[in-house]
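Listed here are the chains, written in short residue letters.
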Amino acid sequence: MTAVELPSDAESAVATPEFEAAAIRQESRRGFLLALPSYSYLVLFFAVPLVIVVVYSFATRNRFGGTDLSGWNLASYARLSEPIVRDILFRSLWLALLTTLICLVIAYPFAYYLATRTPVVRNLMLVFVMIPFWTNFLVRNYAWRVILGNDGPFTDVTEAVGLGERELLFSKTAVVLGLVYSFLPFMILPLYAAIERIDKRLLEASRDLYASGWQSFRKVLLPLSMPGVIAGSILVFVPSLGAYVTPDILGGSKTTLLGSYIVTQFLTARNWPFGAALSFVLMAVMLTTTVVYFRKGGRTL
Amino acid sequence: MTAAVEITGITKRFGDVVAVDNIDLTIADGEFFALLGPSGCGKTTTLRMIAGLEFPTQGSLKIFGDEVGTLPPNKRPVNTVFQNYALFPHLNALDNVAFGLKMQGVKKSTAYSRALETIDLVQLSGMDTRKPSELSGGQQQRVALARALVNQPKVLLLDEPLGALDLKLRQEMQGELKNLQQNLGVSFVFVTHDQEEALTMSDRMAVMNEGKLLQVGTPEEIYEHPANRFVADFIGQTNLLEGRVVDAETVCLSNGARVTGFSDHPVGTEVAVSVRPERVRLGPRGESRPSETEVDGTAVDGATVDAATVDGAAVDGATVDAATVDGARVDGEVESITYLGNARVYRVRFDWMVIEVREENRPGATLHEPGTPVSVSWDPSAVSVVAD
C-alpha cells in the first residue's frame, strides 16, 4: 500500500479524524476508478441498447416493415396472449426447465467426484470440462447435426441394437440434448466450487450420527451446496430459455422456440416492436426467476 | 467384564505410510482413556478407526465384544466429538443435537425433547435456536458434545475437543468433561497432543509415536516410570542425561560421571537418566558438603566411582555418605532463570550438560542469580533410566 496523501499539514504525524476521512475517501475513489472501465462499457453497450429495446416495444410497425417512433401503444404486448405465442413461450420454458434439471442430475455427481479428487486430478478434469469452449459454438452444434442425422453414428447405434433406424434430429429431444451438451459446464463449475468449499468432515459427522449415505447427501451435502445449485441452475436456465443457435440447428422448423421466434420478428416478419416486446418479456421472466430463486435459496441456507 | 474397546493387531496403511503399526489396546467400560502423542503419531487414525471413519488394513476391532472393524460408522454404537466440532452450519443447535436421533428414526417430538434435555445437560439452555455461527467456541464445543451424547453411545470418542479453546475455558471444560464422564459412566476415548490434559483428565492413557504404541498405563505410572526415552521426554518436563549402564544401579554419564540409576538394561546399553526438574534440589555450592575438595566446578558424587577413573571431574571421596543420602549430586553454575509466576526454572550448567531445576515460588525461596555456583542433587528413586 502506498501512503495516503495528507490533506493539508503533511508534517503532522498525529492521526486526526480529518486524516482518517481523507484516507477513506481516497480508498473509495480508487475503487471507483478501478471499476470505471467496466461501468462505462456496461452503460454504453448494455443499458443504452436495453432502453432502445424498451422504447421500440411501445412503437408501431408501419406498412413498409419499418418502425414509427410515434403513436405509442401496447399492441405488441397484447399479442403475447395469442395462442401461437403462448405455445412458443411455454415450450421454451418447459425445454429450458428440462435442460436445467438434466444438467443438474448429470453435473452433481460429477462435481462431487471432482471435488473429492486430488488437486492434480481435479485440475486436469476441469480442463476437460472446459475443452469444448475452445471450439466454436456453432461448429459444435453442427457436429451434433452430423451425429444425430441420417446415417450418423446415432442411427448406426440404434440399428445395431435392433431399434431400427431412429432419427432424433429436428425434434425436441435433439434440442434438449444439444442444450444440455452446450450448458453442462455452466452447471458443473459452480456446483464444483460449492461442493469443494464444504468441510468433508461434516459428511463424516453425519455418518457418525447414524445417517446413511443417502441421508448424508439429503440432509447435509445438498443443503450446503445449495448456492452452487442455484447459481448453476440460473446459468443454465437463462441461456436455455433464450437459446437461438441450438434450437435452430437441431430443432428444425417444427420446434420453434422463443429465441428463433424473436429473430424471425426482427429479420423476416420485420415487426421490430413485437420482437422488442418479446425480448423484454423474456428478460423480465429471467430476472424474476433469478430473483425468486435467489430469495428462496437465501432462505433455506 | 467385556472391554468397551478391544483392539488387536490393528495396522493402518495409507499407501506406503504406516499410520498405525500393529497396536494392541484394551479400553475398559466406564474408563476415561487418553490417546496421547505428537501430531502424526497415529492417535487420530486410531480414533477414526474406532469410529468407523477409517477401516483398518489389518487386525481386529471389537466394541463390547462385537467385531466392528468392517462396519460403516452409522452401524457402530459410538459417537464422535470432532476436532473443530464439525457442527452442521445450516442447522440450529437443537437440530444439530437432534440429528442423530432423527437419523435413527426416533419420533420427531421425542427426538426434540431428548435433544433439549441434553442441551440442558451441557448447560446451553436457551441457545437451542442459534446457528453454530452465532455461538462462541466454547458453546459450539458444548453443542458438539450434546450432539454426540444425546445418542447415548456406548463409547464416546473425542478428537482434540478442547484444542480450539483458550486456556481458561479449556481448563474449565476439562473439569466438566471429567464430571460428565463420571456421572454418565460411559467410556470416553480422548485424543490429545497435550500431555498435561492427558495427565489431568484420564484414568489411563496410551502414548503413541510414529504409529506405535509406546506405553499404556495410569498417568502416574507413565509419569513416574516412563517406558523409554520418548515417553520420558514427551510427558512433562525432564532432564535427559546421556550415559551408559554400568550395573543394575549405576549409570556412567557421557562426561564420565557416575550416578545412581536403577535399571534392568544390559550392561553397556546407551541410556538416558531422566530427572524431573521439580525433583531436583538446588542449594548453594558447598552447603551440606562435608569437604570442599572440588577442582574445577565439576564435582560428581558417586559411591562406586574410583577417583582415578574420572577425568576432568574431581570426585569427592568424602561425600560418599552424602551420595547415599542425596543419591546424586553435581556442582554447577546457574546459567539463566525463567520466571513462571508460580515457579522459577533454573538452567544449571555443569561441564557441557545443562540441568533444569524447577523451584516453587514460595515465600522466602532463595533466589540464585545467574553466575552463582550451585550444587544440584536429587534422590536416586526420583530418576528413571530410559533407553530408546
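Given the structure is predicted, the values throughout are model-derived calculations rather than measurements.

Visitor: Where do I start with the overall build of chain B in this structure?
Guide: Looking only at helices and strands, chain B features 9 helices and 22 strands. A fraction of 62% describes how many contacts in chain B between residues 6 or more apart in sequence connect residues 24 or more apart.

Visitor: How do you make sense of the pairing of strand 9 (residues 204-209) of chain B when you look at a structure like this?
Guide: The side chains of a regular strand alternate between the sheet's two faces. All names here are of chain B. With 4 bridges connecting them, strand 3 (residues 32-36) and strand 9 associate as parallel partners. Each bridged residue has a counterpart across the sheet, and for leucine 36 the counterpart in strand 9 is valine 207. When strand 9 meets strand 10 (residues 212-217), the two strands line up antiparallel, connected through 5 bridges. Looking at the pairing, alanine 206 lines up with valine 216 of strand 10. Hairpin connection between strand 9 and strand 10: a loop of 2 residues separates the two successive antiparallel strands, and glutamate 210 in this loop has a positive phi of roughly 45°.

Visitor: Quick question: what am I supposed to make of the sheet that holds strand 1 (residues 5-14) of chain B here?
Guide: Sheets are built from strands that pair by backbone hydrogen bonding, the pairs being arranged parallel or antiparallel. Residue and element names in this part refer to chain B. Strand order across the open sheet formed by 4 strands is 2-1-4-5, with antiparallel pairing between neighbours. Only two strands of the sheet have a single neighbouring strand rather than two, namely strand 2 (17-27) and strand 5 (66-67). Sheet topology places strand 1 next to strand 2; 7 bridges connect them, and they run antiparallel. The residue of strand 2 that forms the bridge with glutamate 6 is threonine 26.

Visitor: Please clarify how the pairing of strand 12 (residues 250-253) of chain B should be interpreted in this entry.
Guide: Residue and element names in this part refer to chain B. Burial along strand 12 is two-sided: the residues Thr250 and Cys252 and Val251 and Leu253 are all buried. As paired strands, strand 11 (residues 239-247) and strand 12 are joined by 4 bridges and run antiparallel to one another. Each residue of the ladder has a partner; that of glycine 243, found in strand 12, is leucine 253. Adjacent in sequence and paired antiparallel, strand 11 and strand 12 are bridged by 2 residues. Strand direction decides the pairing type here: strand 12 and strand 13 (residues 258-260), joined by 3 bridges, are antiparallel. Bridge pairing links cysteine 252 to arginine 258 in strand 13. Here strand 12 hands over to strand 13 after 4 residues, with glycine 256 in that stretch at a positive phi of 95°.

Analysis parameters
Within each chain, residues carry numbers counting from 1 in the order of the written sequence. For this description, chains carry letters from A and ligands carry numbers from 1, given in the order in which they are written. At least 70 in pLDDT is required for a residue's local features to be given in this predicted model, at least 80 for side-chain atom pairs to be given and counted, and no such filter applies to totals for whole chains, interfaces and linings, which use all residues. The numbering of helices and of strands both runs from the N terminus, where a helix is a DSSP run of H or I of at least 4 residues and a strand a run of E of at least 2. Throughout, a pair of residues is in contact if the C-beta atoms placed from their backbones lie within 7 Å. In this analysis, strands are considered paired if DSSP registers two or more bridges between them. Put simply, a residue is buried when 20 or more other C-beta atoms lie within 10 Å of its own C-beta and exposed when 12 or fewer do; between those, it is partly exposed, and each C-beta is set from the backbone.

Read these as layout, nothing more, since geometry by itself doesn't imply function.
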